[in-house]
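For reference, the chains in residue letters:
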Amino acid sequence: MTVTTQALQDSRIAILGYGSQGRAHALNLRDSGLDVVVGLRAGGPTAAKAAADGFAVATPAEAVKGADLVAVLTPDMVQPKLYEEAIAPILRPGAALLFAHGFNVHFKAIAPRADIDVILVAPKGPGHLVRTEYEIGRGVPCLYAVYQDVSGHAKDKAMAYAAGLGGARALLIETDFKEETETDLFGEQAVLCGGASELVQKGFETLVEAGYRPEIAYYEVLHELKLIVDLLYQGGITKMLNFISETAQYGDYVSGPRIVDAATKERMKAVLKEIQDGTFARNWSEEYKAGLPNYRRMKQADLEHPIEKVGAQLRAKMVWLNEA
Ligand code: NAD
Ligand code: MG
Ligand code: MG
Ligand code: MG
Ligand code: MG
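These numbers come from a predicted model, not from an experiment.

Reading the values: the criteria
Numbering of residues starts from 1 in every chain and runs along the sequence as written. Lettering of chains starts at A and numbering of ligands starts at 1, both following the order in which they are written. Selection of residues for local features in this predicted model requires a pLDDT of at least 70, selection of side-chain atom pairs for listing and counting requires 80 or more, and totals for whole chains, interfaces and linings are taken over all residues. Water and hydrogen atoms play no part in the side-chain values, which are based on all heavy atoms of the structure. With water excluded from the atoms, a metal site may look incomplete; its donors are any N, O or S atoms within 2.8 Å, or within 3.2 Å for Na, K and Ca. Secondary structure is summarised from DSSP: a helix means a run of H or I of at least four residues, a strand means a run of E of at least two, and numbering begins at the N terminus for each. For the exposure calls, accessible area comes from a 1.4 Å probe over protein chains only, and a residue counts as buried if that area is under 20% of its type's maximum, exposed if over 50%, partly exposed in between. Side-chain atoms alone can form a polar contact between residues adjacent in sequence; in general such a contact is a pair of N or O atoms within 3.5 Å, and within protein one must be able to donate a hydrogen while the other accepts it. The contact rule is simple, with two residues in contact once any of their heavy atoms fall within 4.5 Å. UniProt positions are given in the numbering used here, feature names are shortened, and annotations may be inferred rather than shown by experiment. For salt bridges, the criterion is a side-chain nitrogen of Lys or Arg within 4 Å of an Asp or Glu carboxyl oxygen. A pair of cysteine sulfur atoms is labelled a disulfide when the two atoms are within 2.5 Å. Nearness is defined per residue: one heavy atom within 4 Å of the molecule or strand is enough. With residues, only the protein chains shown are counted as cover, and all accessible areas are computed by Shrake-Rupley using a 1.4 Å probe. Each residue is assigned to one of three groups, with Ala, Val, Leu, Ile, Met, Phe, Trp, Tyr, Cys and Pro labelled nonpolar, Asp, Glu, Lys and Arg labelled charged, and all others, Gly among them, labelled polar. We call Phe, Tyr and Trp rings a pair once their centres come within 6.5 Å, taking the six-membered ring for Trp, and we label the pair stacked below 30 degrees between planes, edge-to-face above 60, and tilted otherwise. Here, a charge over a ring means that NZ of Lys or CZ of Arg falls within 6 Å of the ring centre while also lying within 35 degrees of the ring normal.

S.K.: Sorry, what's going on with the coordination of the magnesium ion (ligand 3) here?
M.R.: Any two of four tetrahedral donors ideally make an angle of 109.5 degrees at the metal, while pairs among six octahedral donors ideally make 90 or 180 degrees. Bound to the magnesium ion (ligand 3) on the protein side are Asp 184 (OD) and Glu 188 (OE), at distances that span 2.1 to 2.2 Å. Taken as a pair, the magnesium ion (ligand 3) and the magnesium ion (ligand 2) show a spacing of 3.9 Å, with Asp 184 coordinating each metal. Linking Asp 184 with Glu 188, this pair stays in helix H8 (residues 177-192), spanning four residues, or about one helical turn. Accessibility expressed as a relative area gives 30% for Glu 188, which makes it partly exposed.

S.K.: Any chance you could explain the side chain of Gln 21 here in plain terms?
M.R.: Within the secondary structure, Gln 21 sits in helix H1 (residues 20-31). Given the relative accessible area of 18%, Gln 21 is considered buried. Among the polar contacts made by the side chain of Gln 21, one reaches the main-chain carbonyl oxygen of Gly 125 at a distance of 3.2 Å. Every residue in contact with Gln 21, bar those within four places of it in the chain, is listed here: Leu 73, Pro 123, Gly 125, Pro 126 and Gly 127.

S.K.: Explanation requested: the side chain of Ser 11 in the structure shown.
M.R.: Inspection of the secondary structure assignment puts Ser 11 in the segment before strand E1 (12-16). For Ser 11, a relative accessible area of 13% puts it in the buried group.

S.K.: Honestly, the UniProt feature "binding site: Mg(2+) 2" (unreviewed entry) in the protein chain in this entry has me stumped. Any pointers?
M.R.: The UniProt entry lists Asp 184, Glu 220 and Glu 224 under the feature "binding site: Mg(2+) 2" (unreviewed entry), expressed in the numbering used here. Annotated residues spanning 41 residues; largest pairwise C-alpha distance 28.5 Å, indicating distribution over more than one region. Asp 184 gets classed as partly exposed once you look at its relative accessible area, which sits at 24%.

S.K.: Just checking my understanding: could you explain the pattern of salt bridges for this structure?
M.R.: Side chains that differ in charge, positive against negative, can pair when their charged atoms come close. Under the defined criterion, the tally for this structure stands at 15 salt bridges. Linking Lys 269 and Glu 266 is a salt bridge whose minimum nitrogen-to-oxygen distance equals 3.6 Å. Remark: Glu 266 and Lys 269 occur in helix H13 (residues 262-276); sequence separation between them is three residues, near one turn of the helix. On the basis of relative accessible area, Lys 269 is assigned to the partly exposed category, the value being 45%. Each of Asp 31, Arg 131 and Glu 135 takes part in one network of salt bridges that share partners.

S.K.: Can you help me understand the state of the cysteines in this one?
M.R.: Should the sulfur atoms of two cysteines be covalently bonded, the bond is a disulfide. In the structure shown here, the tally under the stated rule is zero disulfides. The structure places no disulfide on Cys 142, whose sulfur is separated from the nearest cysteine sulfur, that of Cys 193, by 20 Å. Cys 142 gets classed as buried once you look at its relative accessible area, which sits at 2%. Accessibility expressed as a relative area gives 46% for Cys 193, which makes it partly exposed.

S.K.: What am I meant to see in unusual backbone geometry here?
M.R.: What you tend to see is this: most non-glycine residues have negative phi, and most peptide bonds are trans. Here the phi dihedral of Lys 108 falls at roughly 65°; this positive angle occurs in a residue that is not glycine. The topology assignment puts Lys 108 in the loop between helix H5 (103-106) and strand E6 (117-123). Of note, Leu 292 is a non-glycine position whose phi angle comes to about 65°, a positive value. You can see Leu 292 is positioned in the loop between helix H14 (279-289) and helix H15 (293-303). Among the residues examined, Leu 292 registers a relative accessible area of 12% and is labelled buried.

S.K.: Is there a simple way to think about the site of ligand 1 in this case?
M.R.: For ligand 1, the set of nearby residues contains 19 residues, the closest of which are Tyr 18, Ser 20, Gln 21, Thr 46 and Asp 76. Contact between ligand 1 and Gln 21: an oxygen atom at 2.8 Å from a main-chain N or O atom of the residue. Contacts to ligand 1 include Gln 79, whose side-chain N or O atom sits 3.3 Å from an oxygen atom. Contact with the protein chains removes 76% of the 830 Å² of surface that ligand 1 exposes when unbound. Every element with two or more residues in the shell around ligand 1 is listed here: H1 and helix H4 (79-87). Looking at the shell around ligand 1, its residues break down into nine nonpolar, eight polar and two charged.

S.K.: Help me out: how do you make sense of the UniProt feature "binding site: NADP(+)" (unreviewed entry) in the protein chain in this one?
M.R.: UniProt's entry tags Tyr 18, Gly 19, Ser 20, Gln 21, Arg 41, Thr 46 and Gly 127 with the feature "binding site: NADP(+)" (unreviewed entry), counted in the numbering of this structure. In this fold, Gly 127 is placed in helix H6 (residues 127-135). Not counting residues within four places of it along the chain, the set of residues in contact with Gly 127 comprises Ser 20, Gln 21 and Ala 24.

S.K.: Is there a simple way to explain the packing of aromatic side chains in this structure?
M.R.: Two aromatic rings are characterised by how far apart their centres lie and by the angle between their planes. With the rule as written, the count across this model stands at six aromatic pairs. Both rings, one in Tyr 18 and one in Phe 55, keep their centres 5.9 Å apart while their planes meet at 70°; by these two values the pair is edge-to-face. Separated by 37 residues along the polypeptide, Tyr 18 in the loop between E1 and H1 and Phe 55 in the loop between helix H2 (47-52) and strand E3 (57-58) bring together distant segments of the chain. Residue Phe 55 is classed as buried on the basis of its relative accessible area of 6%. Members of the aromatic cluster, connected to one another through ring pairs, are Trp 284, Tyr 288 and Tyr 295. When the ring centre of Phe 55 is taken as reference, the NZ or CZ atom of Arg 30 above it lies at 4.0 Å.

In C-alpha cells form, the structure reads like this:
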C-alpha cells in the first residue's frame, strides 16, 4: 500500500521553528500540496529566511490558532515553554502535536493535553538532505510513532506527514517515543558525537605527545575519517574492509579491539542506563536552566584543543572544503 498525504489534505499545518528540520519540512510539505504556515518569534534569526522562501510567517501562537497539526521543530530545550505559552492554551481539541524527537514527551518535560493527538516523525537525515532528496524525486527514510491517539487517525496523520516529507518514497519505520528518544541519545553520546570526537582527540594527543608533527597527526586521525565514514555509510563495514589495504585490515583486527574493548562496552551500558532512567535528561534540563555553565566550559575546552588550531590552518589550504 502506498502511503500518501491524503490524511492531511484538508489540514492546516503549523511549523514552529525554521532551522535544519523546520525549513526542510515546511518546503517539502508545501511542495506536496499541503497548507503550511510557519510560526516564529518576531525578529528571530530565521524569520527572514522563511519569508524569503515565500511562507506566511506568524508568531507561534498565531500559527497554532487554526492549525490542525502543529510540528514542534525548535531546539528541544525551548519546547516546554513554547508548549505552555503558545500551544497548550490554543491548539484545538482533536488536532495533532508532532515532534521530530521524543525527548520532552518521553521524559515528561511536556505533558500533552489529553484531547490532542501526539505523534512523531523523525527523518533519518539532516534537513538539507531531506530537502535535496525530495527535490530530485526521492526521499529520506523516516521513523514515525504515536504517543496519544484521540482522533482515531493519529497514525494516519503521522504517516501522511512522513509521506509529505518524501519519506514514503524511501522507507517508513514505526517506532515509539521511548525507543526513538533513547536510541537517538545513545547514538549521539556513545558513538556519533561523543565517542567519535573523543577518539579523534585522544589519537591526535597520542601522536603529538610521541613527537610527530601536528599537521600529519591531523590528517591521520581526523581528515581521513571522512573516507572511512563514507565507506561505512555506503556499504557498511563490509565495504570499508574491501577498500582498505590488507595491512590496514590486519591492524584493524588486532588493534581495534584493544582500543574499544569489553570495558568500553560496559561503560556504554552505563551511559545507556543513565539515558533510560532519566538521569541524563534531568542533568541536561538542570544544566540548561542554570544557564549552561558546564556546557560552556566543556565546549570551550573542545574549541581550544590543539587539533582545532592546526585543523583551521590546514583546512584553509584545502579550497574544496570551503565550497560546501
Ligand atoms: P535548529 O536549531 O536548526 O532550528 C531551531 C529553530 O527554532 C530556528 O528557526 C530557531 O530560530 C527557532 N526557535 C528557537 N527558539 C524558538 C522559540 N522560543 N520559539 C520559536 N522558535 C524558536 O533545530 P533542529 O536541529 O532543526 O531541531 C529541531 C527538532 O528536530 C529537535 O527536536 C531535534 O531534536 C529534531 N531533529 C533534528 C535533526 C537534525 O538533523 N538537526 C534530526 C532529527 C530530529
Ligand atoms: Mg539522531
Ligand atoms: Mg539527537
Ligand atoms: Mg569530547
Ligand atoms: Mg593512512
